[in-house]
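The chain contents come next:
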Amino acid sequence: MTNPVVGWSPADHPEAIAVSEIQWWERAAELALLRIHDSDDHRISWFSSRQIDARQLILALRQLLAAVSLVDGRLQELGLDQAMNALRQAKQEYERALPGLTEVRNALMHFEAWALGTGHGPQKRRVAGGAPAREVASEFWGFAYDPAVETISLGPYTIAVTAVAGAVARLTDAVYTAARAVDRRNAVDLGADAKNALTAQGVSTDEVSSFPRLIVGSDNRLRLSLSLDGHDEEAERRALADRVVGALHTANIRLICPELPNERDVAGSLARGGSLFCERAPH
């Protein structure tokens, strides 16, 4: 018995997941920022809703770095060093703008350890240096949002709320740019595979009448079309289109009509001059 074919998996395109998740967490941070500048919501009794929203803001801000990590791994895998270095530089700038972000998040998420002085990172280093755990716990405690000076603090860490929006925007842009670099590499690699598949099946990609054109567009998607110079008979174009579709099929590359994604007769669209998207078919 064989496993069923999985038509889609987030593992196939981590860069797309990074973009999707960073959009969600960017909006979560934006919402928390808006709420902490509102009056306290008294529907939750004596608790300050702004203090709660400050906690949510820290969690959202740290999640943006998880998206960075996801796309960074893909850049490494593809050897896109320039894009990877740019992304890492943006990450460093983000962390400088929001000093102590990871430590504050960790203190919130792992309060069961940090309250005892047994947390990782700075607490562990202090204890290893001989400081009593009880003393260390006290040093890294006291989460608070101060609306008077627009800061969020915990122990030795202070984050300026006024720096948040700009830092988030810059990091999000960097993730988008990195993901686009991955998309372009994927499209270029797909184009090379498509050309090899066509050549292996005797379909020339040289510039002759009705030759298949493979172009990576500004949207970083690979398009394929046939040249219609007015001299080819419709039957000849259809025969060539059928050969192209068949050759790509053997390489697990499928064609999709942008206007009619469910169109089954892609060879017909190709023969009529359509420009079709190329995608890797599920394995």
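Scoring rules and cut-offs
Residues numbered from 1 in each chain as written. Predicted model: local features only at pLDDT ≥ 70, side-chain atom pairs only at ≥ 80, totals over all residues. Heavy atoms only, no water. Core = buried A, V, L, I, M, F, W, Y, C linked by side-chain atoms within 4.5 Å. Buried < 20%, exposed > 50% of the residue type's maximum accessible area, 1.4 Å probe, protein only. Helix = DSSP H or I, 4+ residues; strand = E, 2+ residues; numbered from the N terminus. Contact = heavy atoms within 4.5 Å. Pairing = 2+ DSSP bridges. Expected span 1.5 Å × (residues − 1). Axes fitted to C-alpha atoms, helices over the stretch in contact; angles between N-to-C directions. Left-handed = near helix turned anticlockwise from the far one by under 90°. Nonpolar A, V, L, I, M, F, W, Y, C, P; charged D, E, K, R; others polar. Arc of directions from axis to C-beta. Salt bridge = Lys/Arg side-chain N within 4 Å of Asp/Glu carboxyl O.

Draft legend 1. Seen up close, the nonpolar core. By size, the foremost hydrophobic cluster in this structure holds 51 residues, and its most contacted members are Leu57, Leu61 and Tyr94. Mapped by element, the contributors of at least two residues to this core are α1 (14-36), α2 (49-78), α3 (81-97), α4 (101-109), α5 (111-114), β2 (151-154), β3 (157-160) and α8 (164-200). Considering every element that reaches this core, the biggest residue donor is α2, with twelve residues. With residues up to four places along the chain from it excluded, the contact list for Leu61 reads Ala29, Tyr94, Leu98, Leu101, Val164 and Val168. Counting residues in each nonpolar core, the second largest holds 22 residues, with Leu226, Ile253, Leu270 and Ala271 among its members.

Draft legend 2. The arrangement of the pairing of strand β4 (residues 212-216) in detail. In this sheet, strand β5 (residues 222-226) lies alongside β4 in antiparallel orientation, the contact comprising five bridges. Counted as the bridge partner of Val216 is Leu222 from β5.

Draft legend 3. Unusual backbone geometry, seen in detail. Although it is not a glycine, Ser45 adopts a positive phi angle of roughly 65°. Locating Ser45 in the fold gives a position in the loop between α1 and α2. Not every positive phi belongs to a glycine, and Glu150 is a case in point at roughly 55°. Turning to its location among the elements, Glu150 is positioned in the loop between β1 (144-146) and β2.

Draft legend 4. Broad picture of α2. Taking 1.5 Å per residue, 30 residues should reach 44 Å; α2 reaches 45 Å between its end C-alpha atoms and fits that length. Just past α2, the residue Gly79 takes up positive phi, approximately 70°.

Draft legend 5. Representation of the packing of α8 against helix α9 (residues 234-250) in the model. Two elements in contact, α8 and α9, have axes separated by 8 Å at closest approach and are oriented at 115°. Once α8 is placed against α9, the crossing between them reads as right-handed. On the side of α8, the interface is formed by Ala194, Ala197 and Leu198, while α9 contributes Val244, Ala247 and Leu248. The class makeup of the residues in the contact of α8 with α9 is six nonpolar, no polar and no charged.

Draft legend 6. Highlighting the environment of Ala18. The topology assignment puts Ala18 in helix α1. Residue classification places Ala18 among the buried positions, given a relative accessible area of 1%. Between the C-alpha atom of Ala18 and that of Leu65, which follows or precedes it by 47 residues, the distance is 9.7 Å. In this view, Ala18 contacts Ala67, Leu70, Val71 and Val175; residues no more than four positions away in its chain are not counted.

Draft legend 7. Here's a closer look at α9. In a regular helix each residue adds 1.5 Å, so 17 residues correspond to 24 Å; α9 covers 25 Å between its end C-alpha atoms and thus fits that length. Every buried residue of α9 is listed here: Arg237, Leu240, Ala241, Val244, Ala247 and Leu248. Axial view of α9: buried residues confined to an arc of 130°, hence all on one face. α9 presents Ala235, His249 and Thr250 as exposed residues on the side facing more than 90 degrees away from its buried surface. Buried-residue contacts for α9 involve α8, β4, β5, β6 (253-256) and α10 (266-271).

Draft legend 8. Representation of the pattern of salt bridges. Counted by the stated rule, this structure contains 15 salt bridges. Between Glu139 and Arg126 there is a salt bridge, with its nearest N and O atoms 2.6 Å apart. Taken as a pair, Glu139 in helix α7 (residues 133-139) and Arg126 in helix α6 (residues 122-128) lie far apart in primary sequence, 13 residues in all. Accessibility expressed as a relative area gives 29% for Arg126, which makes it partly exposed. Here Arg254 and Glu279 are joined by a salt bridge, their closest N and O atoms 3.4 Å apart. Taken as a pair, Arg254 in strand β6 and Glu279 in strand β7 (residues 276-280) lie far apart in primary sequence, 25 residues in all. Judged by relative accessible area, Arg254 falls into the partly exposed class, the value being 37%. Exposure remark for Glu279: the relative accessible area of 23% places this residue in the partly exposed category. Look at the salt bridges and you will find they share partners, linking Glu15, Arg74 and Glu77 into a network.

Draft legend 9. A look at the sheet that holds β3. Spatially, the three strands line up as an open sheet ordered β1-β2-β3, and their pairing is antiparallel. At either margin of the open sheet sits one strand with a lone partner, and together these are β1 and β3. The average angle at which neighbouring strand axes cross in this sheet is 20°, direction not considered. One ladder, built from four bridges, connects β2 with β3; its direction is antiparallel. The residue of β3 that forms the bridge with Ser153 is Thr158. Sheet strands touched by α2: β1, β2 and β3. Its angle to β1, the strand with the most contacts, is close to 110°.

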